[in-house]
Amino acid sequence: MTTPGFFPTGIRFENIDKRYGGLYALRRVSLEVRAGECVAFAGRNGSGKTTLLRIAARLVRTSAGTVKFVASASETADSGARIGFVAHATMVYDELTAEENLLLFAKLQGIAGHAARAATLLEEVGLSERRGSLVRTFSRGMRQRVAIARALLNEPSVLLLDEPATGLDPEGITWLANTLRRMRDAGRTILMSLHGESEISALATRAVRLDAGAVVADTQAGASLHSIVTFAGA
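Chemist: It is not clear to me how the packing of helix α2 (residues 98-108) against helix α4 (residues 140-152) should be interpreted in this structure. Could you clarify?
Modeler: For any two helices packed against each other, the geometry comes down to the angle between their axes and how far apart the axes lie. Between α2 and α4, the shortest axis-to-axis distance is 10 Å and the interhelical angle comes to 25 degrees. Taken as axis vectors, α2 and α4 run roughly parallel relative to one another. Along this stretch, α2 crosses α4, giving a crossing that reads as right-handed. Of the residues in α4, those touching α2 at Ala98, Asn101, Leu102 and Phe105 are Val146, Ala149 and Arg150. In terms of residue class, the contact of α2 with α4 is built from 5 nonpolar, 1 polar and 1 charged.

Chemist: Mind showing me how you'd approach the pattern of salt bridges here?
Modeler: Pairing is possible between side chains of opposite charge, provided their charged atoms come close. The tally for this structure, following the rule as stated, stands at 9 salt bridges. With its nearest N and O atoms 3.8 Å apart, the salt bridge here joins Arg44 to Asp211. Note that Arg44 is positioned in the loop between β3 (38-42) and α1 (49-56) and Asp211 in strand β9 (residues 206-211), a separation of 167 residues in sequence. Residue Asp211 is classed as partly exposed on the basis of its relative accessible area of 36%. Between Arg184 and Asp185 there is a salt bridge, and its shortest N-O distance comes to 3.1 Å.

Chemist: I'm lost on the domain arrangement of the protein in this one. Help?
Modeler: Interfaces are frequently sized by the accessible area removed from exposure as the parts join. What the domain assignment lists for the protein is domain 1 (9-82 + 156-233) and domain 2 (92-154). When each unit is reduced to the centre of its C-alpha atoms, the spacing between domain 1 and domain 2 is 24 Å. Taken together, the contacts link 16 residues of domain 1 with 10 residues of domain 2. Taken over both partners, the interface formed by domain 1 and domain 2 buries close to 1000 Å², and the fraction arising from carbon and sulfur atoms is 64%.

Chemist: Any chance you could explain the pairing of β3 here in plain terms?
Modeler: The side chains of a regular strand alternate, residue by residue, between the two faces of the sheet. Counting buried positions along β3 gives 5 out of 5 residues, so the element sits mostly inside the fold. Taking every second residue as pointing to the same face, both faces of β3 are buried, with Cys38, Ala40 and Ala42 on one and Val39 and Phe41 on the other. Bridge count between β3 and β9: 4 bridges; the pairing is parallel. Of the residues in β9, the one forming a bridge with Val39 is Arg206.

Procedures and definitions
Residues numbered from 1 in each chain as written. Predicted model: local features only at pLDDT ≥ 70, side-chain atom pairs only at ≥ 80, totals over all residues. Heavy atoms only, no water. Axes fitted to C-alpha atoms, helices over the stretch in contact; angles between N-to-C directions. Helix = DSSP H or I, 4+ residues; strand = E, 2+ residues; numbered from the N terminus. Parallel < 35°, antiparallel > 145°, perpendicular 65-115°, else oblique. Left-handed = near helix turned anticlockwise from the far one by under 90°. Contact = heavy atoms within 4.5 Å. Nonpolar A, V, L, I, M, F, W, Y, C, P; charged D, E, K, R; others polar. Salt bridge = Lys/Arg side-chain N within 4 Å of Asp/Glu carboxyl O. Buried < 20%, exposed > 50% of the residue type's maximum accessible area, 1.4 Å probe, protein only. Domains from an automatic or database assignment. Buried area = accessible area lost by both parts, 1.4 Å probe. Pairing = 2+ DSSP bridges.

Here's what the structure looks like:
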């Protein structure tokens, strides 16, 4: 999974606050995620998991604090880190085919050999035979496969996943687990929000629990991964 220009990339969340009016979605969140870690975020709905991932994806601005992407070789912030993001909503275009969805985003990202890259990913996610079908004809799980393929287009050094197994059947979950395992083992950094133990959570090298926008448990601080991902309401 290594490509020219790839370098291991970590993330620093420094005193992150996110407010919506008087409501705090995140409160003083500080985390150091090392390059190559696979971190599972757990917590009840509204705990701040999605907001933190969207901030890391540069889709939401912080109210306070900073996020830095760090190249492990030089320990300097890198604003050009390759990021892939899978949101809870698939955000694919219904009136485009699966192939057209990937080609559009590949072109927008300036990916060389975009047609070949799109074809490879459609094969990997099991949609090669449906590449010419409109996405509006797809099931929720098939849409999720397109969204995951889109996130992998630029062969990201940092992959952000908000409940990535949503809608996937057992075969799709196994495919996703194998893909994430290869990425993790190749040194990619993965942050994902999860609900409970699963084939996906088993890949985590670290788990963090959020509650009311604050970090309340972290395996780095001695909590067990099992206790975090199986926490009631997670």
